[in-house]
Amino acid sequence: ARIKVLQDTVWQSVELQRTRGFVSSVDACAYFGFPSNKPLKELHVLWPDGTKQELKNITINKKLTITYSKTPSKQQKKLISAKEDRVEPLFVKNLVTIPYKHQENVFDDFFRERLLPKRLSMNGPGIATADVNNDGLYDVYISSPENSRPRLLLQTISGSFIESRQVAFDTICEQQGAIFLDIDNDNDMDLYVANGGNESITDEPERMQDRLYINDGKGNYSLGTLPVMLTSTSCVVAGDIDNDGDMDLFVGGRNNAGNYPSMPRSYILINNNGVFIDVTENIASVFIANPSMVQSALWTDFDNDNWLDLIVVGEWSPIRFFKNNGGQLTEITEITGINGLHGWWNSINGGDFDNDGDIDYVVGNFGPNIRYRGSEKYPIEFFANDFDKNGSADHLMTYWENDKRYAVRSLMAFYNQMPILRKRFPLYRDYVQLSFDDVFSKESLDSSQKMLLNCVHSLYVENLGNGKFRAKNLPALAQIAPILGSAIQDFDEDGNLDIVISGNFYGPDVEAWRYDAGYGLLLRGDGKGGFIPQDALHSGICIHGDSRGIIALPSHSNARITLCAPVNGGYVQTFVTRPLTSEIITITPTQRYAMVELKNGKQRKHEFYCGSGYLSQSANFLIKSKQVKKIILK
């Protein structure tokens, strides 16, 4: 139960859980300390089923026993009836069932690269939605691990999903992100799938080649053609970057399999009458000359000049901004005001959260509830070099303590990667007193590839205009686990954009425990750039397992919003809102954004994305709530 007490003007709160730890239990007492002997004004108890009880004017310095009962005793006053007292959550879980369970293939990343900071082979599944057979219902594609079949699931008029088997779909690749888009302007949704992972090596380059599938208009797909792209890619996002009326692509390079942390190139593919051409070297050569390990990207007009700009986030990287100058991309990261934030960024998504007419962003990171908590003053540093001169790269991570650097990993981990250290440090006591700089020479460190982690929090990035931004941490409850997926919409119909986040990660290095504290979270927007976390009792959001992205789509009846959250090694979990009182306005693929005029005099810009968040593509739609005065589609 949750217990809250009020003395004077100060509230205290305790969540009493009897079972905790490993096969352990504690007594059923909650203890409070107070600065004075004044009686408590109020005491509230919230029981697990949503029932509330309230006591008033309670003397302290004694043991008080509160008994759960549907019939209140003389000392306990029911606030409202048992029926009314139950909290009605915004979302209901698993009203819709998606018949798919992801099964990750077995691969040991650490056998080949023993000092990797985390696994690179368990990124998926990705998820995308569109109406693929033109029946007016949103269907779902779920990407698959290596040697497994991806799923195309068609929605029926009852709201259930059935698989549509496609002979053309590839099963040999480790699929990552996927998006639906109409590449040839024939009014049906084609499919692009990014392939990557860490399994493929140089003698199997075809496993890294992305795939394009062409729709015949009835939901049947055949293999299309793409430029040669033998890179382990992650995300793919689409937008009309040259303003010629068709969809172009950014494809993010994630890693070079078996060669961490070498940086893979990314791709800009221009759509030329339904044929994609690699123009990266001509319009954005920085993605070849200065690449990064990309996790997510977003086509967005951050300066409101009607040209789609690009924001890219990734591992050991700043949040990178690229301005679109008439079809040429120029990096402006250094002048944005947040260029010094290097994170393990997982995702980026956009929305006008402060209702001022420009797009702000939510950027998912790993959060401070992890082993590696770098800061601006004391960053986690990563060095890659052949320290033992055996022809392979060694990975060293450091942290700071008392103004000295120390190795993050244990000596035993170093023994396994660099056996030569056994001769230098045969005993732990010979090593434990030394700093990192005592163990490795300045020359070897200076010649290393070096990267920083100085920001671990997930962020709200406010758009200040003129290419300037301000970052602030998301609420504390959003920091307890990695944020991967994010779905943005006015879920509670109050006229302000809200966020549902998802994410865990079960593949850290072998000396760390899995990052599994996340169960998803609804962040209600206040229309001013602030967010109010909603617990699972009120939101209904509770995502179990190693969750990845999340998408939002209108239900089959167009009266509810459905969320789909895929899980690595688990089933896709779904959440459906209670019936909306607002109108759902669906958006055609040719519409780029809308201006939403609110009755309070504010105006919100709403962009329509083809790929956003983590390996995800949500449906594009608007909620016309009672707070909306007018919507102008562009």
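Preceding block: the structure.
This structure is a prediction, so every number in the text was calculated from the model and none was measured. (Residues numbered from 1 in each chain as written. Predicted model: local features only at pLDDT ≥ 70, side-chain atom pairs only at ≥ 80, totals over all residues. Heavy atoms only, no water.)

Enquirer: Please give an account of the packing of aromatic side chains that cites residues and values.
Expert: If you walk through the whole model with that rule in mind, you get 30 aromatic pairs. Plain terms: the ring middles of Tyr141 and Phe180 are 6.5 Å apart, the flat faces sit at 90 degrees to each other, and that makes the pair edge-to-face. Linking Tyr141 in strand β8 (residues 139–142) with Phe180 in strand β11 (residues 175–181), this pair joins segments that are 39 residues apart in sequence. Considering the side-chain rings of Phe436 and Phe440, the 5.1 Å spacing of their centres and the 40 degrees angle between planes classify their relative orientation as tilted. Taken as a pair, Phe436 and Phe440 share a single burial class, namely buried. It is Lys118 that lies over the ring of Trp344; its NZ or CZ is 4.0 Å from the centre. (Phe/Tyr/Trp six-rings, centres within 6.5 Å; stacked < 30°, edge-to-face > 60°. Helix = DSSP H or I, 4+ residues; strand = E, 2+ residues; numbered from the N terminus. Buried < 20%, exposed > 50% of the residue type's maximum accessible area, 1.4 Å probe, protein only. Lys NZ or Arg CZ within 6 Å of the ring centre and 35° of its normal.)

Enquirer: Mind laying out the pattern of salt bridges, listing which residues take part and the relevant values?
Expert: In a structure, side chains of opposite charge can pair up when their charged atoms sit close to one another. Within this structure, the stated rule accounts for 31 salt bridges. Linking Lys38 and Asp8 is a salt bridge whose minimum nitrogen-to-oxygen distance equals 3.5 Å. Linking Lys38 in the loop between β2 (10–15) and β3 (40–46) with Asp8 in the loop between β1 (2–7) and β2, this pair joins segments that are 30 residues apart in sequence. With a relative accessible area of 32%, Asp8 lands in the partly exposed category. In this structure, the salt-bridge partner of Asp446 is Lys442, at a minimum N-O distance of 2.7 Å. Linking Asp446 with Lys442, this pair stays in helix α9 (residues 442–446), spanning 4 residues, or about one helical turn. Exposure class is identical for Asp446 and Lys442. Each is exposed. Residues participating in the shared-partner salt-bridge network are Arg149, Arg151, Glu163 and Arg165. (Salt bridge = Lys/Arg side-chain N within 4 Å of Asp/Glu carboxyl O.)

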